Each structure stands twice: as structure tokens, then as C-alpha cells.
Amino acid sequence: MINDVVGRAGVRVTLRGWDINLGGVRSTIAKTIAAVEPLEKQAKAYADAMEAAGKASGSEVVNAALLGFGQHHLYTLPLLARRTSNCIRGVTLATNAYLAGDREMAERAHRTALTAPRPEDLLRKGRRK
């Protein structure tokens, strides 16, 4: 996925005042994915630890407080992972659009250059008059 998103590492593309370091985008996406991947396991470990701490306290009040706190934050880590995943997807789509726009501009410039009259055609046309 990452290679398709940003092209070759270290390549800089400049377009209409924007300067995106594609290698930097790739690196940031990879680091973010690596940081988010363990969240699911960490959320499970967190829930298990909260339950064990409540039981180990020997106090119904502490157990109830930890249970309430844990239930209140039950979806915090999964939502964080989902939001991060959505952000990565957004960066991916934006980078692809950026690259597509750059390619489109280059292709348009190439087509325009090919439609320009060749010097020898202009000379022939001038001599015919």
C-alpha cells in the first residue's frame, strides 16, 4: 500500500506552491501504522489489568470505581485506532491525488508541446508566402 501511495523514497514533487517530500510521507505513514498496530492488544491488556486490579483491591468501592472507569473508556483505544486508520487513508488518498495532478499537469504540458508548430514547418510556411 505505501509504495503505491507515494512513489520512490526521497523524491520531491513540487506543484503550485506545495512541496511534498514523498519519502517523508511514506516514512510517516509506516511509522504511524507501526505505532497503531499494537493498540488492539494493548486495549485487551488494559481491560484485563483493570479487572484484576479491582478484584485485587478487595474493596467493592474500588472495584466499582475501576469498573466504571474501564467501561467509560472501553472504546477509547479502538476509536483512536479507527481514527488513525482513517487519517492514514486520507493521507494516502490526498497523496495519490497530488501525484495524479502532477502527472496530469506533465501530460498536459507534453501534449501542448507536441501541438506547437515545428520550426521547419514555420520556415516552409514563411517561404511559401
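Residues numbered from 1 in each chain as written. Predicted model: local features only at pLDDT ≥ 70, side-chain atom pairs only at ≥ 80, totals over all residues. Heavy atoms only, no water.

Chemist: How would you sum up the overall build of the protein? Please name residues and give values.
Modeler: Looking only at helices and strands, one finds six helices and two strands in the protein. Walking the protein from its N terminus toward its C terminus, one meets helices and strands in the order α-β-β-α-α-α-α-α. Here the protein, with 129 residues, has 18% of them falling under the buried criterion. When contacts within the protein are restricted to residue pairs at least 6 apart in sequence, long-range pairs at least 24 apart make up 60% of them. As displayed, the protein has an accessible area near 9900 Å², and 60% of this comes from carbon and sulfur atoms. (Helix = DSSP H or I, 4+ residues; strand = E, 2+ residues; numbered from the N terminus. Buried < 20%, exposed > 50% of the residue type's maximum accessible area, 1.4 Å probe, protein only. Contact = heavy atoms within 4.5 Å. Areas by Shrake-Rupley, 256 points an atom, 1.4 Å probe, with all protein chains shown as cover.)

Chemist: An account of the nonpolar core is requested, with residue identities and associated values reported.
Modeler: Ranked by size, the top nonpolar core spans seven residues in total: I20, L22, V25, I29, I88, Y98 and L99. Only α2 (22–36) and α5 (76–115) provide two or more residues apiece to this core. (Core = buried A, V, L, I, M, F, W, Y, C linked by side-chain atoms within 4.5 Å.)

Chemist: Tell me about the packing of helix α3 (residues 39–57) against α5, and please be specific about residues and values.
Modeler: Look at α3 against α5: their axes get within 9 Å of each other, and the N-to-C directions meet at 170°. When the interaxial angle is binned, α3 and α5 end up roughly antiparallel. Along the contact surface, α3 presents L39, Q42 and A43, while α5 presents L77, L80 and A81. When grouped by side-chain class, the residues that make up the contact of α3 with α5 number five nonpolar, one polar and no charged. (Axes fitted to C-alpha atoms, helices over the stretch in contact; angles between N-to-C directions. Parallel < 35°, antiparallel > 145°, perpendicular 65-115°, else oblique. Nonpolar A, V, L, I, M, F, W, Y, C, P; charged D, E, K, R; others polar.)

Chemist: Describe a nonpolar patch on the surface, naming the residues involved and giving the relevant values.
Modeler: Together, L74, Y75 and L79 give the surface a local cluster of nonpolar side chains, amounting to about 320 Å² of exposed area. Its location among the elements puts L79 in helix α5. (Patch = residues over 30% accessible without salt bridge, like charges linked within 9 Å, V, L, I, M, F, W, Y side chains within 5 Å. Salt bridge = Lys/Arg side-chain N within 4 Å of Asp/Glu carboxyl O.)

Chemist: So, the side chain of T84: which residues are in play, and what are the values?
Modeler: By secondary structure assignment, the location of T84 is in helix α5. The exposure class of T84 is buried, given its relative accessible area of 16%. Within polar-contact distance, the side chain of T84 engages the backbone oxygen of L80 at 2.8 Å. T84 has contacts with T32 and V36, leaving out every residue within four places of it along the chain. (Polar contact = N/O pair within 3.5 Å; in protein donor to acceptor, adjacent residues only side chain to side chain.)

Chemist: Outline the pattern of salt bridges, listing residues and values.
Modeler: All chains considered together, the criterion is met by three salt bridges. R108 serves as the salt-bridge partner of E104, at 2.8 Å between the closest nitrogen and oxygen. Of this pair, E104 and R108 both sit in helix α5, separated by four residues, roughly a single helical turn.

Chemist: Explain the packing of α2 against α5 to me, and be specific about the residues and the numbers.
Modeler: Here α2 crosses α5 at 165°, and the two axes come no closer than 11 Å. Relative to α5, α2 is oriented roughly antiparallel. When you trace α2 past α5, the crossing you get is left-handed. Counted together, L22, V25, I29, T32, I33 and V36 of α2 and A81, T84, I88, V91, T92, T95 and L99 of α5 form the full contact between these two elements. In terms of residue class, the contact of α2 with α5 is built from nine nonpolar, four polar and no charged. (Left-handed = near helix turned anticlockwise from the far one by under 90°.)

Chemist: Tell me what's going on with helix α4 (residues 60–72), and back it up with residues and numbers.
Modeler: Given a rise of 1.5 Å per residue, 13 residues ought to cover 18 Å, and the 18 Å separating the end C-alpha atoms of α4 matches this to within 8%. Its side-chain oxygen 3.3 Å from the backbone nitrogen of V61, S59 forms the N-cap of α4. (Expected span 1.5 Å × (residues − 1).)

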